[in-house]
Amino acid sequence: QVQLVESGGGSVQAGGSLRLSCAASGSILSISAMGWYRQAPGKQRELVATISGGRTDYAKSVKGRFTISRDNARNTVILQMNSLQPEDTAVYYCNADRLYTTDLQSNDYWGQGTQVTVSS
């Protein structure tokens, strides 16, 4: 069974930084892409950043402030968030896309979410 466990959320003032971490565990053979999404109250879940191979993609609203990185050996993805603003307040979810388990099944997996709150 595959699990994605996030850590690192919390509360900061505007202009501060937080670092989110997500570790995938279980009978994992490979993961095509990993990423972070967020969902603010009353809004739809939106993409924040993804990383696949050497390619990274960011939402326009976080470009230049957030950095996504990945440790393939540890099946871990990190989101470094700098210059946080109140509009970044949301529950942040880790995603593993096209994760292959050792029985050669491929699925999309999500973490449980971690709250990020930015006060002005």
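In case you missed it, the structure is sitting above this.
Draft legend 1. Quick look at the overall build of the protein chain. Counting secondary structure elements, the protein chain contains zero helices and eleven strands. Reading the protein chain from its N end, one meets helices and strands in the order β-β-β-β-β-β-β-β-β-β-β. If one aligns the C-alpha atoms of the protein chain with their principal axes, the spans along those axes are about 50 × 25 × 20 Å. The buried share of the protein chain, reckoned over its 120 residues, is 41%. When contacts within the protein chain are restricted to residue pairs at least 6 apart in sequence, long-range pairs at least 24 apart make up 57% of them. In the structure as shown, the protein chain presents an accessible area of about 6,500 Å², 44% of it carried by carbon and sulfur atoms.

Draft legend 2. Structural detail: the sheet that holds strand 7 (residues 66–71). If you trace the four strands from one edge of the open sheet to the other, you get 1-3-8-7, paired in antiparallel fashion. Every interior strand has two partners, whereas the edge strands, strand 1 (3–7) and strand 7, have only one. Sheet twist, expressed as the mean angle between neighbouring strand axes with direction ignored, is 15°.

Draft legend 3. Structural view of the pattern of salt bridges. Enumeration over the complete set of coordinates arrives at six salt bridges. We note a salt bridge from E46 to R38, for which the minimum N-O separation is 2.7 Å. Classification of R38 as buried rests on a relative accessible area of 6%. A cluster of three or more residues bridged by salt bridges with shared partners is formed by R38, E46, R65 and D88.

Basis of the calculations
Residues numbered from 1 in each chain as written. Predicted model: local features only at pLDDT ≥ 70, side-chain atom pairs only at ≥ 80, totals over all residues. Heavy atoms only, no water. Helix = DSSP H or I, 4+ residues; strand = E, 2+ residues; numbered from the N terminus. Buried < 20%, exposed > 50% of the residue type's maximum accessible area, 1.4 Å probe, protein only. Contact = heavy atoms within 4.5 Å. Areas by Shrake-Rupley, 256 points an atom, 1.4 Å probe, with all protein chains shown as cover. Pairing = 2+ DSSP bridges. Axes fitted to C-alpha atoms, helices over the stretch in contact; angles between N-to-C directions. Salt bridge = Lys/Arg side-chain N within 4 Å of Asp/Glu carboxyl O.

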